[in-house]
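Chain by chain, the residues:
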Amino acid sequence: MILPSTSLFDWCQWLQNTPLATMINESIWLFPLIEGSHILALPISVGMIVMFDLRLLGLTTGSKVTNEFLRWSRFGFAVMLITGVFLFITQAGKAYGNPFFRTKLLLLLVLGINAAVYQWIFYPKMSQWDLAGKTPAGARFCAGLSLIVWIGVIVCGRTMAYEF
Ligand code: HEM
């Protein structure tokens, strides 16, 4: 069910005024800690994904080490997601109408679909094409799309932080 925009906005305003949001906003160390973790997790999540995408595009050498990148990227992504939700709680009312915040969420959705397509279609047979250097065109497309859209997420994240 799609909520009417006013009630979603009311919910965001309510969220921003909950005791948890107030506590984070009023603490001198909690907000910087969460925001700092959000930014520090960026190279662990997106940085590792970029290395993997470059490998699929044939721009770095293939090796088992790059497979390890994905494990780290999952950890980094979990930190970004959790800290991102906490950041959102503290400024939900402002974030609600912000076009960069909305675009960022939309781009994250695109990345989720892109990752799922890669995971279901190309990943199961990766051992057959990867080290032979015969990356399927579809997998290269997923990698290129991922690179471009991640840049969009970071640009939107930074730009919306300017506006808050
Ligand atoms: C997982 C991928 C994500 C990436 C790569 C990302 C990236 C960024 C970046 C680069 C910033 C700018 C930080 C600064 O310079 O101050 C930012 C800020 C922010 N992000 Fe994310 N983010 C992600 C996920 C999320 C999620 C899932 C949410 C919420 C649902 C979120 C909410 C926020 C908020 C509210 C800010 C603004 C913080 C402030 O007031 O300075 N982020 N993000």
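Summary of the structure given here. Note that the coordinates shown come from a computational prediction; the quantities given were computed from them, not determined experimentally. (Residues numbered from 1 in each chain as written. Predicted model: local features only at pLDDT ≥ 70, side-chain atom pairs only at ≥ 80, totals over all residues.)

## Overview of the overall build of the protein chain
- When you go through the protein chain residue by residue, the secondary structure sums to 8 helices and 0 strands.
- Scanning the protein chain from its N terminus toward the C terminus, one meets helices and strands in the order α-α-α-α-α-α-α-α.
- Overall, the protein chain is about 55 × 35 × 25 Å in size when its C-alpha atoms are taken along their principal axes.
- Residues counted as buried form 18% of the 164 residues belonging to the protein chain. (Helix = DSSP H or I, 4+ residues; strand = E, 2+ residues; numbered from the N terminus. Buried ≥ 20, exposed ≤ 12 C-beta atoms within 10 Å, placed from the backbone.)

## Here's the deal with the site of the ligand
- In the vicinity of the ligand there are 21 residues, among which Met80, Gly84, Leu87, Gly157 and Ala161 approach most closely.
- Elements that contribute at least two residues to the shell around the ligand include exactly α3 (30–56), α4 (64–90) and α8 (137–163).
- Among the elements that line the shell around the ligand, the one with the most residues is α4, at 7 residues. (Near = placed C-beta within 6 Å.)

## Notes on the nonpolar core
- In this structure, Val46, Met48, Ile49, Leu107, Trp150, Val153 and Cys156 together form the largest nonpolar core, which totals 7 residues.
- Sequence-distant contacts of valine 46, that is, excluding residues within four places in its chain, are made with Trp150 and Ile154.
- Core analysis: the second largest hydrophobic core is formed by 6 residues, Phe122, Ala139, Cys142 and Ala143 among them. (Core = buried A, V, L, I, M, F, W, Y, C linked by C-beta atoms within 7 Å. Contact = placed C-beta atoms within 7 Å.)

## Here we look at the packing of α3 against α8
- Viewed as axis vectors pointing N to C, α3 and α8 meet at an angle of 150 degrees, and their least axial separation amounts to 8 Å. With respect to α8, the axis of α3 lies roughly antiparallel. Between α3 and α8 lies a crossing whose hand is left-handed. Within the contact between the two elements, α3 uses Val46, Ile49, Val50, Asp53 and Leu56 and α8 uses Ala139, Arg140, Ala143, Ser146, Leu147, Trp150 and Ile154.
- Grouping the constituent residues of the contact of α3 with α8 by class yields 9 nonpolar, 1 polar and 2 charged. (Axes fitted to C-alpha atoms, helices over the stretch in contact; angles between N-to-C directions. Parallel < 35°, antiparallel > 145°, perpendicular 65-115°, else oblique. Left-handed = near helix turned anticlockwise from the far one by under 90°. Nonpolar A, V, L, I, M, F, W, Y, C, P; charged D, E, K, R; others polar.)

## With respect to α8
- In this model, α8 (27 residues) spans 39 Å end to end at C-alpha, consistent with the 39 Å of a helix rising 1.5 Å per residue.
- The inward-facing, buried residues of α8 contact α3 and α6 (99–122). (Expected span 1.5 Å × (residues − 1).)

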